[in-house]
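This is what each chain is made of:
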Amino acid sequence: MRGKRTSTGAALVAGALAVTGLAFAPTAAAVTPQTATINASCGIFGGGAATLTATQSGTSATITLTSSAVKAPVAVAKDSITSKLTLVKASGGTTVFTGTKNPAMAAGDPVTAGPLTGTVASGDSLEAYGGSLQMTIFGVNVTCTATAKQSPGPFVFD
């Protein structure tokens, strides 16, 4: 009987240590800020405020751009826009996010592109100003550029 109590006690101690270990385990990688705003100019397709929303999981990151100021030039089917978002690294160079994800949009609807995927490294600081968003919609190329730095600041990845 004494052997059963010892093994039960050992199992309880091991379980408590495992739970404690989970409580102090490092959290998932995160990007800060999670959202930033920019003013974008898209030439004849419009311009104005846009929101960038970033997520991170390890070295994989996504960014989604939404704007009620930039309008879809024509009706667009779901996942039919090819997008390439180029962000400028504080350390030099650029990081590119690409994809064909978008909701269905009627002509004149606010534009949403993404989530666009890219690869980041711990400590990367990425800014939209100086970069661009290129979208191809039915063979028509639309290029948007930020007219000033993003607010509240660049995306910094863990």
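Our subject is the structure that appears above.
Summarised in this report is the structure supplied together with it. None of the values given here were measured: they were computed from a predicted structure.

Each value, and the rule that gives it
Residues numbered from 1 in each chain as written. Predicted model: local features only at pLDDT ≥ 70, side-chain atom pairs only at ≥ 80, totals over all residues. Heavy atoms only, no water. Helix = DSSP H or I, 4+ residues; strand = E, 2+ residues; numbered from the N terminus. Contact = heavy atoms within 4.5 Å. Buried < 20%, exposed > 50% of the residue type's maximum accessible area, 1.4 Å probe, protein only. Pairing = 2+ DSSP bridges.

### Focus on the environment of T32
Inference 1: Here T32 shows up in strand β1 (residues 31-32).
Inference 2: The spacing of T32 and T55 is 23 residues in sequence and 9.0 Å in space, taken between C-alpha atoms.
Inference 3: Excluding residues within four positions of it along the chain, T32 makes contact with P154, F155 and V156.

### Focus: the pairing of strand β2 (residues 35-41)
A regular strand carries its side chains on alternate faces of the sheet.
Inference 1: What you see with β2 is a clean split: A36, I38 and A40 sit on the buried side and T35, T37, N39 and S41 on the side with no burial.
Inference 2: Two strands pair when backbone bridges link them, and β2 and strand β3 (residues 47-57) are joined in this way by seven bridges, in the antiparallel orientation. What sits directly across from S41, in β3, is G47.
Inference 3: When β2 meets strand β9 (residues 140-146), the two strands line up antiparallel, connected through two bridges. Across the sheet, the residue bridging to S41 is T145, located in β9.

### Some words on unusual backbone geometry
Inference 1: At the junction of T32 and P33, the peptide bond is cis and its omega measures out at -10° in the coordinates.
Inference 2: Within the secondary structure, P33 is located in the loop between β1 and β2.
Inference 3: Note that the residue after S151, namely P152, is joined by a cis bond; omega there is 15°.
Inference 4: Among the secondary structure elements, P152 is positioned in the loop between β9 and β10 (155-157).
Inference 5: In this structure, D79 takes a positive phi of about 55° despite not being glycine.
Inference 6: You will see that F138, though not glycine, has its phi angle at about 50°, which is positive.
Inference 7: Within the fold, F138 resides in the loop between β8 (125-137) and β9.

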